[in-house]
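An overview of the molecular structure
Letter by letter, the chains look like this.
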Amino acid sequence: MQKLMGQMRAAMERYQMIEPGCRVAVGVSGGKDSLALLCALAQMKNYYPVPFTVTALTIDPQFGGVPTDYSQIQELCRRLGVPYVIRRSSLGHIIFEERKEKNPCSLCARMRRGMLHNMAKEAGCDRIALGHHFDDAVETFFMNLLECGTLGCFSPRSYLSRKDLTLIRPMVFCTEKEIRSVANRYRLPVEKSQCPADGNTARQETKERIAALEKEYPDLRAKVMGAMQRADLDGWGGAPSR
C-alpha cells in the first residue's frame, strides 16, 4: 500500500489534483481499482500536506433487476471513517432489456458518469476521483488510435464547467498488477461484476493486443506513457489550468 500511495502522491502533485479543502467523491464500483483508490485516499487524507475529505459513492446498475449486496463495502467504509452513499438505478434494465444495446459499454459509461456527477454535487463534493490506472491510460491511447484514428486519452485531471466539478485520476502512475497485489494483500471486498458484457469488450481486446506486442517490445507501455507526457497529450505533460 505504501508504494501505491507514493505513486498516487506523485501523480496528485504533478497534476495538482488536490487543493486545500477539497471534498473528494470516490466513485466506487466494487472492483479492485476503485476499492484500492478508496483505501489509499482514506489513509492519505490523514497526512497529506493539503487537507481534503473523502466520500464514497456507488451506483448500482441492478443487472437482471437484482440489487447488488454492498454490505462488505459499507463495513470497509465504516472502518475507514468514510461516508458511503449507494444509489440503486435501472441502468441494467435500460441498457440490456429495454434498449438491447449490442455495444453497451459506451452508453452505460455515459449514463453512469451523469449519475455520478449528480451524486457528487448532492454530497457537496467538488472533486470526483476515478480508479483509472497506468494500464487503462495506455489501453485508451491504443483504442483511440486503432478504432477512431485519433491521438488521445483521458486526462489525469479535467474540469467540468457545466457541473463545476473536477475529475481526478490519482492512480495513473500505478499499474494494474500493483493494484491487484494490494487488493489481494489487504483482502479488499471486491464485488465481481454482474454485467453481461464483462470480459467481452473492446478494452479487453485491446489489452490482449498490447500483451502480444509487449513480447517484442517489453517496454511498450512505458514508451507510450512517456510519449503522451512529452507531447502534453490531453494534459499529460502537467497540470492543466482550470
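Here, every reference points to the structure presented above.
A few points on the structure. (Residues numbered from 1 in each chain as written. Predicted model: local features only at pLDDT ≥ 70, side-chain atom pairs only at ≥ 80, totals over all residues. Heavy atoms only, no water.)

Secondary structure assignment for the protein yields nine helices and six strands. Against the 2.2 N^0.38 benchmark of 18 Å for 242 residues, the protein shows a C-alpha radius of gyration of 18 Å, consistent with a compact globule. Along the three orthogonal principal directions, the C-alpha set of the protein runs to about 50 × 45 × 40 Å. Counting the 242 residues in the protein, one finds 48% classified as buried. Look at the contacts in the protein between residues 6 or more apart in sequence, and 76% of them connect residues 24 or more apart. Of the roughly 12400 Å² that the protein leaves accessible, carbon and sulfur atoms contribute 49%. (Helix = DSSP H or I, 4+ residues; strand = E, 2+ residues; numbered from the N terminus. Rg over C-alpha atoms; globule rule 2.2 N^0.38 Å. Buried < 20%, exposed > 50% of the residue type's maximum accessible area, 1.4 Å probe, protein only. Contact = heavy atoms within 4.5 Å. Areas by Shrake-Rupley, 256 points an atom, 1.4 Å probe, with all protein chains shown as cover.)

Once that is clear, we can look at the sheet that holds strand 3 (residues 84-88). Backbone hydrogen bonds hold the strands of a sheet together, and the pairing may be parallel or antiparallel. With mixed pairing, six strands are arranged side by side in an open sheet as 3-2-1-4-6-5. Whereas interior strands pair on both sides, the edge strands pair on one side only; in this sheet they are strand 3 and strand 5 (157-160). Strand after strand, the sheet turns through a mean of 25° between neighbouring axes, direction not considered. Summarising the sheet, strand 1 (residues 22-27) and strand 4 (residues 127-129) pair through three bridges and their orientation is parallel. (Pairing = 2+ DSSP bridges. Axes fitted to C-alpha atoms, helices over the stretch in contact; angles between N-to-C directions.)

This part covers the nonpolar core. By size, the foremost hydrophobic cluster in this structure holds 57 residues, and its most contacted members are Met8, Ile18, Val24, Val26, Leu41, Phe52 and Trp236. Counting residues per element, the ones that place at least two in this core are helix 1 (2-14), strand 1, helix 2 (32-44), strand 2 (52-60), helix 3 (71-80), helix 6 (134-148), helix 7 (176-185) and helix 9 (220-230). Of the residues forming this core, the biggest block, nine residues, is contributed by helix 2. Other than its neighbours up to four places away in sequence, Leu41 contacts Met8, Met12, Val24, Val26, Phe52, Val54 and Ala129. (Core = buried A, V, L, I, M, F, W, Y, C linked by side-chain atoms within 4.5 Å.)

How two aromatic rings sit relative to each other is set out by the distance from centre to centre and by the angle between their planes. One pass over the structure, following the stated rule, counts five aromatic pairs. Aromatic pair Tyr48 and Phe52: ring centres 5.9 Å apart, planes at 80°, arrangement edge-to-face. In this structure Tyr48 comes out as buried when scored by relative accessible area, which is 8%. Three or more aromatic residues joined by ring pairs make a cluster, and in this case those are Tyr15, Phe154, Phe173 and Trp236. (Phe/Tyr/Trp six-rings, centres within 6.5 Å; stacked < 30°, edge-to-face > 60°.)

Our focus in this paragraph is helix 4 (residues 91-98). Residues of helix 4 that are buried: Leu91, Gly92 and Ile95. Buried residues of helix 4, viewed axially, fall in a sector of 90°; they line one side. (Arc of directions from axis to C-beta.)

Moving on to the pairing of strand 3. Of the pairings in the sheet, the one linking strand 2 to strand 3 comprises five bridges and is parallel in character. Following the sheet pairing, Ala56 is matched in strand 3 by Tyr84.

Here we come to the environment of Tyr186. Looking at where Tyr186 falls in the secondary structure, it is placed in the loop between helix 7 and helix 8 (202-213). The exposure class assigned to Tyr186 is partly exposed, which follows from its relative accessible area of 44%. As a C-alpha pair, Tyr186 and Pro218 span 32 residues in sequence and 29 Å in three-dimensional space.

Looking at the element boundaries, Asp60 is found in strand 2. Every residue in contact with Asp60, bar those within four places of it in the chain, is listed here: Pro67, Thr68, Tyr70, Arg87, Arg88 and Ser89.

On to a nonpolar patch on the surface. A grouping of Leu145, Leu146 and Leu151 is seen on the molecular surface, where their side chains present a nonpolar patch of about 300 Å² in accessible area. Leu151 gets classed as exposed once you look at its relative accessible area, which sits at 60%. (Patch = residues over 30% accessible without salt bridge, like charges linked within 9 Å, V, L, I, M, F, W, Y side chains within 5 Å. Salt bridge = Lys/Arg side-chain N within 4 Å of Asp/Glu carboxyl O.)

Residue position: Val172 is located in the loop between strand 6 (165-168) and helix 7. The exposure class assigned to Val172 is buried, which follows from its relative accessible area of 0%. Sequence spacing of Val172 and Gln7 is 165 residues, and the spatial spacing of their C-alpha atoms is 8.4 Å.

Moving on, we get to the pairing of strand 1. The element strand 1 is largely enclosed, with a buried count of five among its six residues. Bridge analysis of strand 1 against strand 2 gives six bridges, and the strand direction is parallel. Looking at the pairing, Cys22 lines up with Phe52 of strand 2. After leaving strand 1, the chain enters helix 2 and then returns to the sheet as strand 2, a path that is right-handed. (Right-handed = clockwise from strand over helix to strand, strands pointing away.)

Applying the stated criterion across every chain yields a total of 20 salt bridges. For Arg78, the salt bridge goes to Glu75, with nearest N and O atoms at 2.6 Å. In this pair, Arg78 and Glu75 both sit in helix 3, three residues apart, roughly one turn of the helix. Taking the relative accessible area as the measure of exposure, Arg78 reaches 56% and is therefore exposed. Glu75 sits in the partly exposed class, given a relative accessible area of 31%. Between Arg180 and Glu176 there is a salt bridge, and its shortest N-O distance comes to 3.5 Å. Within this pair, Arg180 and its partner Glu176 are both found in helix 7, separated by four residues, close to a single helical turn. Under the relative-accessibility criterion, Arg180 is labelled partly exposed at 39%.

Remember that the coordinates give geometry; whether it matters functionally is a separate question.
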